[in-house]
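Topology and contacts: notes
Residue strings, one per chain:
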Amino acid sequence: VLHHLSTEKRRVSAIKEMIRILKPGGLMLVYVWSQEQEEKSSRKFPNQDMLVPWHFSDSMKYKEKDEKYITEKNYEPKHGYRIESKRSTVLQRYCHLYKHGELESLFEKLDGCEPIKSYFDCSNWCLIVRKNL
């Protein structure tokens, strides 16, 4: 979820917590959305920080705090807009799109871990990190 955190300070804080709970010598795999998209991708991101539409289908169900299921019959969005033809509500979610090398640089700023391998997979930047012994 690092790509949904809006500031570097929040991202670093989340990474510190991931490192804290990882066993010494343990490995962590981190995936984040990439600003650089594969050619076949329909997504194009002109900026690194964007609101990206998420289509919440009427057929989806989820639980609220009171454990009551929400369905198309009783779900009224507080924000977003409806597309009746697709039977969905479009909500905007914040995304920070990472550039090549940016994820590694976040981890390199911290003590207690070592980036092992970085790679690009399905329009995501990926990083394997080991917690120091």
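Look up: the structure comes first, before these words.
Notes on the structure in this doc start here. No experiment lies behind these values; they were computed from the predicted model shown.

Details of the overall build of the protein
Summing up its helical and strand segments, the protein has two helices and eight strands in all. Scanning the protein from its N terminus toward the C terminus, one meets helices and strands in the order α-β-β-β-β-β-β-α-β-β. Split into buried and exposed, the 133 residues of the protein put 33% on the buried side. Of all intrachain contacts in the protein linking residues separated by at least 6 positions in sequence, the fraction that spans at least 24 positions is 62%. Counting only carbon and sulfur atoms, one obtains 52% of the accessible surface of the protein, whose full area is about 9,100 Å².

Points about helix 1 (residues 8-21)
Taking 1.5 Å per residue, 14 residues should reach 20 Å; helix 1 reaches 20 Å between its end C-alpha atoms and fits that length. Taken as a whole, helix 1 has its buried residues at Arg-11, Val-12, Ile-15 and Ile-19. For helix 1, the angular spread of the buried residues around the axis is 95°, confining them to a single face. Residues of helix 1 that are exposed and angled more than 90 degrees away from the buried face: Lys-9, Arg-10, Arg-20 and Ile-21. For helix 1, the elements touching its buried residues are strand 1 (27-33), strand 6 (88-96), helix 2 (102-108), strand 7 (113-121) and strand 8 (124-131).

Focus on the packing of aromatic side chains
Tallied over the entire structure, the rule returns three aromatic pairs. Considering the side-chain rings of Tyr-31 and Tyr-119, the 6.3 Å spacing of their centres and the 85° angle between planes classify their relative orientation as edge-to-face. On the criterion of sequence distance, the pair formed by Tyr-31 in strand 1 and Tyr-119 in strand 7 is long-range, its members being 88 residues apart. Classification of Tyr-31 by relative accessible area gives partly exposed; the value is 31%. By relative accessible area, which is 24% here, Tyr-119 ends up partly exposed. Considering the side-chain rings of Phe-120 and Trp-125, the 4.8 Å spacing of their centres and the 65° angle between planes classify their relative orientation as edge-to-face. According to the relative accessible area criterion, Phe-120 is partly exposed, its value standing at 32%.

Quick word on the environment of Pro-115
Here Pro-115 shows up in strand 7. Expressed as a C-alpha distance, the spacing of Pro-115 and Glu-104, which sit eleven residues apart in the sequence, is 6.7 Å. Not counting the four nearest positions on each side in its chain, Pro-115 is found in contact with Phe-107, Glu-108, Leu-127, Ile-128 and Val-129.

Observations regarding the sheet that holds strand 7
Taken together, the three strands give an open sheet; going across it, the order is 1-8-7, and neighbouring strands pair in antiparallel fashion. At either end of the open sheet lies a strand with only one pairing partner, and these are strand 1 and strand 7. Taking each pair of neighbouring strands and ignoring which way they run, the sheet shows an average axis angle of 20°. Taken together, the eight bridges between strand 7 and strand 8 define a ladder with antiparallel strand orientation. Bridged to Lys-117 within strand 8 is Ile-128.

Observations concerning the pairing of strand 6
In regular strands, side chains alternate between the two faces of the sheet. The pairing of strand 2 (residues 49-57) with strand 6 spans nine bridges and is classified as antiparallel. When the bridges of strand 6 are listed, Leu-51 appears paired with Tyr-94. Two strands pair when backbone bridges link them, and strand 5 (residues 81-83) and strand 6 are joined in this way by three bridges, in the antiparallel orientation. Bridging from a neighbouring strand, Arg-82 pairs with Thr-89 of strand 6.

Scoring rules and cut-offs
- Residues numbered from 1 in each chain as written.
- Predicted model: local features only at pLDDT ≥ 70, side-chain atom pairs only at ≥ 80, totals over all residues.
- Heavy atoms only, no water.
- Helix = DSSP H or I, 4+ residues; strand = E, 2+ residues; numbered from the N terminus.
- Buried < 20%, exposed > 50% of the residue type's maximum accessible area, 1.4 Å probe, protein only.
- Contact = heavy atoms within 4.5 Å.
- Areas by Shrake-Rupley, 256 points an atom, 1.4 Å probe, with all protein chains shown as cover.
- Expected span 1.5 Å × (residues − 1).
- Arc of directions from axis to C-beta.
- Phe/Tyr/Trp six-rings, centres within 6.5 Å; stacked < 30°, edge-to-face > 60°.
- Pairing = 2+ DSSP bridges.
- Axes fitted to C-alpha atoms, helices over the stretch in contact; angles between N-to-C directions.

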